[in-house]
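# Descriptive analysis of the structure
For reference, the chains in residue letters:
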Amino acid sequence: MTTEADDALRRRRERGRRSQAGFRKRQAEANEQIRDQNRRLKSAIEKLLNTARGDEHPELLNSIFEVAEVAGIDIQRPTQKNTPQPRRKHANGNHQILSYPPDSEEDITVSAATGDFVRNPDDQVSLGSSQLPPSLASSQRLRCGIWLDHQHYMRVSIPPDDILPYVGKGAKTFAGILFWSMMDHSQNKCTREHTEITTLIRRGLRHSKVTEGWAITYIQAMVEARQEYRQTGSISPQYASAAEPDLGTVMHERIKAEYHAQGKDPDQWLSAMGIEKRIRSIVDNDAFAILETVARGGGNPFLRHLFEMTKCKLSESCICFGDGPRWSVDVVDRLFLNWVHTTFGLLRSED
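Residues numbered from 1 in each chain as written. Predicted model: local features only at pLDDT ≥ 70, side-chain atom pairs only at ≥ 80, totals over all residues. Heavy atoms only, no water.

With that out of the way, let us pick up the overall build of the protein chain. Counting secondary structure elements, the protein chain contains eleven helices and eight strands. Residues counted as buried form 34% of the 351 residues belonging to the protein chain. Put simply, 64% of the contacts in the protein chain that link residues at least 6 apart link residues at least 24 apart. Carbon together with sulfur atoms contributes 51% to the accessible area of the protein chain, which is approximately 22500 Å² in total. (Helix = DSSP H or I, 4+ residues; strand = E, 2+ residues; numbered from the N terminus. Buried < 20%, exposed > 50% of the residue type's maximum accessible area, 1.4 Å probe, protein only. Contact = heavy atoms within 4.5 Å. Areas by Shrake-Rupley, 256 points an atom, 1.4 Å probe, with all protein chains shown as cover.)

Another point: the side chain of Thr310. Here Thr310 is to be found in helix H10 (residues 301–315). Take Thr310: its relative accessible area is 6%, and that puts it in the buried class. Setting aside chain neighbours within four positions, we find Thr310 in contact with Leu335, Phe336 and Trp339.

Turning our eyes to something else, we now look at the pattern of salt bridges. Counted according to the given criterion, the structure contains ten salt bridges. Across the pair Arg326 and Asp323 runs a salt bridge whose closest N-O atoms are separated by 3.0 Å. One continuous salt-bridge network, built from bridges that share partners, spans Asp36, Arg39 and Arg40. (Salt bridge = Lys/Arg side-chain N within 4 Å of Asp/Glu carboxyl O.)

In the contact formed by helix H8 (residues 272–282) and helix H9 (residues 285–295), the axes pass within 8 Å of each other and the chain directions differ by 135°. Between H8 and H9, the angle is such that the two are oblique. For the element pair H8 and H9, the recorded crossing hand is right-handed. On the side of H8, the interface is formed by Glu276, Ile279 and Arg280, while H9 contributes Asn285, Phe288 and Leu291. (Axes fitted to C-alpha atoms, helices over the stretch in contact; angles between N-to-C directions. Parallel < 35°, antiparallel > 145°, perpendicular 65-115°, else oblique. Left-handed = near helix turned anticlockwise from the far one by under 90°.)

Chain-level pLDDT for the protein chain is 78 on average; 72% of the residues reach the 70-or-more range. This stretch, residues 121–132, has a pLDDT under 50; its non-local contacts, to residues over four places away or in other chains, come to nine contacts. Low pLDDT (under 50) marks residues 134–144, which in the prediction has 22 contacts with non-local residues, meaning those over four places away or in another chain. (pLDDT = per-residue confidence, 0-100.)

Formed by 56 residues in total, the largest nonpolar core has its most connected members in Phe174, Ile275, Phe307 and Phe336. If sequence neighbours within four positions are ignored, Phe307 has contacts with Phe174, Ile177, Leu178, Val294, Ala295, Phe336 and Trp339. Listed in part, the eight residues of the second largest apolar core include Ile64, Ala68, Ala71 and Ile73. (Core = buried A, V, L, I, M, F, W, Y, C linked by side-chain atoms within 4.5 Å.)

Further remarks concern the sheet that holds strand S7 (residues 319–320). If you walk across this open sheet you meet the three strands as S6-S8-S7, and the pairing is antiparallel. The open sheet terminates on both sides in strands that have one partner only, identified here as strand S6 (269–270) and S7. Sheet topology note: the S7/strand S8 (residues 325–328) ladder contains two bridges and is antiparallel. Across the sheet, Cys320 pairs through a bridge with Pro325, a residue of S8. (Pairing = 2+ DSSP bridges.)

The backbone of Asn188 shows a phi angle near 60°, a positive value even though the residue is not glycine. Here Asn188 is to be found in the loop between helix H4 (174–185) and helix H5 (197–205).

The subject of this paragraph is the side chain of Ser315. With respect to the element layout, Ser315 can be found in helix H10. Judged by its relative accessible area of 11%, Ser315 is buried. Side-chain polar atoms of Ser315 contact the backbone oxygen of Cys312, separated by 2.6 Å. Once you skip the residues sitting within four places of it in the chain, Ser315 turns out to touch Met182, His185, His194 and Leu200. (Polar contact = N/O pair within 3.5 Å; in protein donor to acceptor, adjacent residues only side chain to side chain.)

On to the environment of Gln220. Relative to the helices and strands, Gln220 resides in helix H6 (residues 216–232). For Gln220, a relative accessible area of 24% gives the class partly exposed. Sequence separation of Gln220 and Ala242 is 22 residues, and the distance between their C-alpha atoms is 9.2 Å. If near-sequence neighbours (up to four positions away) are discounted, Gln220 is found in contact with Asn50 and Ile201.

The end-to-end C-alpha distance of helix H2 (residues 58–70) is 18 Å, a good match for the 18 Å that 13 residues give at a rise of 1.5 Å each. All of the buried residues in H2 are Leu61, Ile64, Phe65 and Ala68. For H2, the angular spread of the buried residues around the axis is 90°, confining them to a single face. Residues of H2 that are exposed and angled more than 90 degrees away from the buried face: Glu59 and Val70. Positioned one or two residues after H2, Gly72 has a phi angle of 80°, which is positive. (Expected span 1.5 Å × (residues − 1). Arc of directions from axis to C-beta.)

Turning to the pairing of S8, a few remarks are in order. With burial as the criterion, each face of S8 is covered, one bearing Pro325 and Trp327 and the other bearing Arg326 and Ser328. In this sheet, S8 lies alongside S6 in antiparallel orientation, the contact comprising two bridges. Bridge pairing in S8 links Trp269 to Ser328. The antiparallel pairing of S7 with S8 creates a hairpin that spans four residues between the two strands, and Gly322 there sits at a positive phi of about 85°.

As structure tokens, this is what we get:
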């Protein structure tokens, strides 16, 4: 009898242990699921914060930053400018003359009879069309809000120094094709699977104290400014601060000085022009012409595919030197020597 009781007690204890182990396993899985959801939620909020430029509607910005604070993301809110209000100066007959602060909005009516602009202050009492003079009554459907920005049509026509080798005819060279492909990759224009852009940007900035504090949105503005110049030959005012002509050159010199101070050789990092120069040193002119044809979209389809894959790998392994992306010599040799050998192996087999 005692043995049976002991066995029953042992079985109960064993069931209890299994039950507790199952509960702990389910609890750990649930906790891991919650942590994973929190990570993905924070990642999504960080992407939203990196996308915000600070010029969105104030209520939208406040909502974004409130969500970030609830999620425990430490971020400083941008200061919002107060909306300017019209100030009454004096009256002139039946028409009030108003003074507006710079960059304010005015509600303007265009008179259909005279073609003149008529200001309509917000605090003016609205009148029915029957109470207005005929010239104003006929223009009611033409009311519109106009933002008068004196810089709106002032575009920058001087390109940043760092893209000079890659514009015009330079865009069609081997180096130019590589450079603009990296710009396209940084704007998610490649349809292949890649590491998240914000992660790649952070990775490309952290190698130097000169760049590690740069905001992701500033890098995106630099890319946008260069893409805009490539497409239109000028840069809009909103990106002008990220397109100073000598900005890239100055930052590059500062990074080189930092590398030298740390005993590192900055020449071991190649720009797109440096990659072209290195490949030209390996093959003769006729051979390079074949490679450049493939880069431009001609030649063997398989070689073109290999070149596209090489560009994708380059986009995952570059760092920022202030004047554009750069790659270590080892990475360049590993990626391009394989492509060059494959190219000439196929050419020999075709012969």
